[in-house]
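Read off the chains here:
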Amino acid sequence: MSANVETITDWRDYYELTKPRVVMLIVFTAIVGMFLAVPGWPGAVPLLFGTLGIGLAASAAAVFNHILDARIDIHMLRTRGRPLPQGRVSERAALSFATVLAAISMALLWFVVNPLTAVLTFASLIGYAVIYTVYLKRATPQNIVIGGAAGAAPPVLGWTAVTGEVHSSALLLFLIIFVWTPPHFWALAIARKEEYAKVGIPMLPVTHGEAYTRLNILFYTILLAVITVIPYLTGMSGLIYLATAIVLDAFYLYYSIQMWRKPDDLELPMRSFKFSISYLGFLFAALLIDHYFLFQINL
């Protein structure tokens, strides 16, 4: 009986290493990129194996991130309960797990989907797991801005999985996530400012103060609101998406303005952070729904 419990616990620990909630959002934006790449059905092979390959690569990057951050995670309240800091999974086992995930991902994408998607996915994996986690995160308060490029890649990966090429519309999807990332993560950084300072991570609130960070969050949110209108202006999407984007942007701007105006409200940063996750999910869902509504009209 105890052996079965241990097996279940081990499975859950490895599952936690993959950051499943983050990966689900990544995979969802990649799938939206696949469907937006063509007027109709993107095809079973790129949809199934492209999604699986991108998801496995994102999971591998998450595990590598856990390994590289284990020594600072133990000192942070938000991360100290993770499997590696608690010793429930060894670094060697986690490294083997991440390597297997990455290898399967690259094999699927290269041999079943197309080499371009494999190359771009590998670049994204290295960008997040190595360049961001090892260097940028510890080197500059602009870490999340520069490193955000890796996290913004999934829609492009989904697009190339279907078409085999990088399109300007895919880059627009990339731009939306790229600009969304700083206000999303800086809100969390404000809420966890003391923890980041304790472990020597130069997040913007630590190096430049909360007031400056809140102003930057407001700036990026305004920029995001402008950029999210571009899909409609370019004819990539229609009124369903536009209406959804306007409502979502209004709520996000409200949170950012309130954070700027009420620095003493300690709950606002986490509320903004949590809303930003829903924001991106609903925005990309609106892109998908609008795309097929327009497709049905044009039939």
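Only a predicted model underlies this, so the values are computations on that prediction, with no experimental measurement involved.

Draft legend 1. Representation of the overall build of the protein chain. Each helix and strand counted, the protein chain has 14 helices and 0 strands in total. For the protein chain, the sequential pattern of α-helices and β-strands runs α-α-α-α-α-α-α-α-α-α-α-α-α-α. The globule rule puts the C-alpha radius of gyration for 299 residues at 19 Å, and the 20 Å found for the protein chain is close to it. Projecting the C-alpha coordinates of the protein chain onto the three principal axes gives extents of approximately 55 × 50 × 40 Å. Residue burial in the protein chain is summarised as follows: out of 299 residues, 52% are buried. A separation of at least 24 residues holds for 73% of the contacts in the protein chain among residues at least 6 apart in sequence. Of the charged side chains in the protein chain, 19 are positive and 16 negative; the average position of the first set lies 4 Å away from that of the second.

Draft legend 2. A look at the packing of aromatic side chains. Per the stated rule, a full pass over the model turns up 14 aromatic pairs. Aromatic side chains Tyr14 and Phe97 sit 5.1 Å apart centroid to centroid with 75° between the ring planes, which places their arrangement in the edge-to-face category. With Tyr14 in helix H1 (residues 2–17) and Phe97 in helix H4 (residues 91–113), this residue pair connects regions lying 83 residues apart in the sequence. The exposure class of Tyr14 is partly exposed, given its relative accessible area of 26%. With relative accessibility at 24%, the residue Phe97 sits in the partly exposed group.

Draft legend 3. Representation of the nonpolar core within the structure. Counting residues in each nonpolar core, the largest one holds 83 residues, and the members touching the most others are Leu125, Trp180, Tyr196, Tyr279 and Phe284. At 13 residues, the largest contribution of residues to this core is made by helix H8 (residues 168–191). Beyond its immediate stretch of four places on either side in the chain, Trp180 contacts Leu25, Leu224, Tyr252, Ser276, Ile277, Tyr279 and Leu280.

Draft legend 4. Here's a closer look at a nonpolar patch on the surface. Together, Val45, Trp110, Phe111, Val112 and Val119 line one region of the surface with nonpolar side chains, adding up to about 500 Å² of accessible area. Considering every element that reaches the nonpolar patch, the biggest residue donor is H4, with 3 residues. Here Phe111 lies in helix H4.

Draft legend 5. View of the packing of helix H11 (residues 210–227) against helix H13 (residues 239–261). One way to put it is that H11 packs onto H13 with a least axis distance of 9 Å and a crossing angle of 165°. What the angle tells us is that H11 and H13 run roughly antiparallel. As for the relative orientation of H11 and H13, their crossing is left-handed in sense. From H11, Arg214, Leu215, Ile217, Leu218, Thr221, Ile222, Leu224 and Ala225 reach across to H13, where they touch Asp249, Tyr252, Leu253, Ser256, Ile257, Met259 and Trp260. Looking at side-chain class alone, the contact of H11 with H13 contains 11 nonpolar, 2 polar and 2 charged residues.

Draft legend 6. Up close: the side chain of Asp249. Relative to the helices and strands, Asp249 is located in helix H13. Of the side chains bearing the opposite charge, Arg271 lies closest to the buried Asp249, which forms no salt bridge; the N-O distance is 17 Å. Only 2.6 Å separates the side chain of Asp249 from the side chain of Thr228, close enough to count as a polar contact. Look past the residues within four positions of Asp249 in its chain and what remains in contact with it is Ala225, Thr228 and Tyr279.

Draft legend 7. How the structure looks around unusual backbone geometry. The backbone of Lys19 sits at a positive phi, close to 50°, despite the residue not being glycine. Within the secondary structure, Lys19 is located in the loop between H1 and helix H2 (20–36).

Draft legend 8. A look at the packing of helix H3 (residues 44–73) against H4. Running from amino to carboxyl end, H3 crosses H4 at an angle of 155°, the nearest separation of the two axes being 8 Å. With respect to each other, H3 and H4 are oriented roughly antiparallel. The two elements H3 and H4 meet at a crossing, and its hand is left-handed.

Draft legend 9. Structural view of the environment of Phe284. Its location among the elements puts Phe284 in helix H14 (residues 268–298). Separated by 254 residues in sequence, Phe284 and Ala30 place their C-alpha atoms 9.8 Å apart. Here Phe284 is in contact with Phe28, Thr29, Val32, Pro155, Leu173, Ile176 and Ile177, once residues within four sequence places are set aside.

Draft legend 10. Summary view of the pattern of salt bridges. Enumeration according to the criterion identifies 8 salt bridges in this entry. Note that Arg88 and Asp13 form a salt bridge whose closest N and O atoms lie 2.8 Å from each other. Remark: Asp13 occurs in helix H1 and Arg88 occurs in the loop between H3 and H4; sequence separation between them is 75 residues. Residue classification places Arg88 among the partly exposed residues on the basis of a relative accessible area of 35%. When its relative accessible area of 5% is taken as the criterion, Asp13 is described as buried. A salt bridge links Glu16 to Arg88; the nearest nitrogen and oxygen atoms lie 3.5 Å apart. With Glu16 in helix H1 and Arg88 in the loop between H3 and H4, this residue pair connects regions lying 72 residues apart in the sequence. Residue class for Glu16 comes out partly exposed when judged on its relative accessible area of 32%.

Analysis parameters
Residues numbered from 1 in each chain as written. Predicted model: local features only at pLDDT ≥ 70, side-chain atom pairs only at ≥ 80, totals over all residues. Heavy atoms only, no water. Helix = DSSP H or I, 4+ residues; strand = E, 2+ residues; numbered from the N terminus. Rg over C-alpha atoms; globule rule 2.2 N^0.38 Å. Buried < 20%, exposed > 50% of the residue type's maximum accessible area, 1.4 Å probe, protein only. Contact = heavy atoms within 4.5 Å. Lys, Arg positive; Asp, Glu negative; His and termini not counted. Charge placed at Lys NZ, Arg CZ, Asp CG, Glu CD. Phe/Tyr/Trp six-rings, centres within 6.5 Å; stacked < 30°, edge-to-face > 60°. Core = buried A, V, L, I, M, F, W, Y, C linked by side-chain atoms within 4.5 Å. Patch = residues over 30% accessible without salt bridge, like charges linked within 9 Å, V, L, I, M, F, W, Y side chains within 5 Å. Areas by Shrake-Rupley, 256 points an atom, 1.4 Å probe, with all protein chains shown as cover. Salt bridge = Lys/Arg side-chain N within 4 Å of Asp/Glu carboxyl O. Axes fitted to C-alpha atoms, helices over the stretch in contact; angles between N-to-C directions. Parallel < 35°, antiparallel > 145°, perpendicular 65-115°, else oblique. Left-handed = near helix turned anticlockwise from the far one by under 90°. Nonpolar A, V, L, I, M, F, W, Y, C, P; charged D, E, K, R; others polar. Polar contact = N/O pair within 3.5 Å; in protein donor to acceptor, adjacent residues only side chain to side chain.

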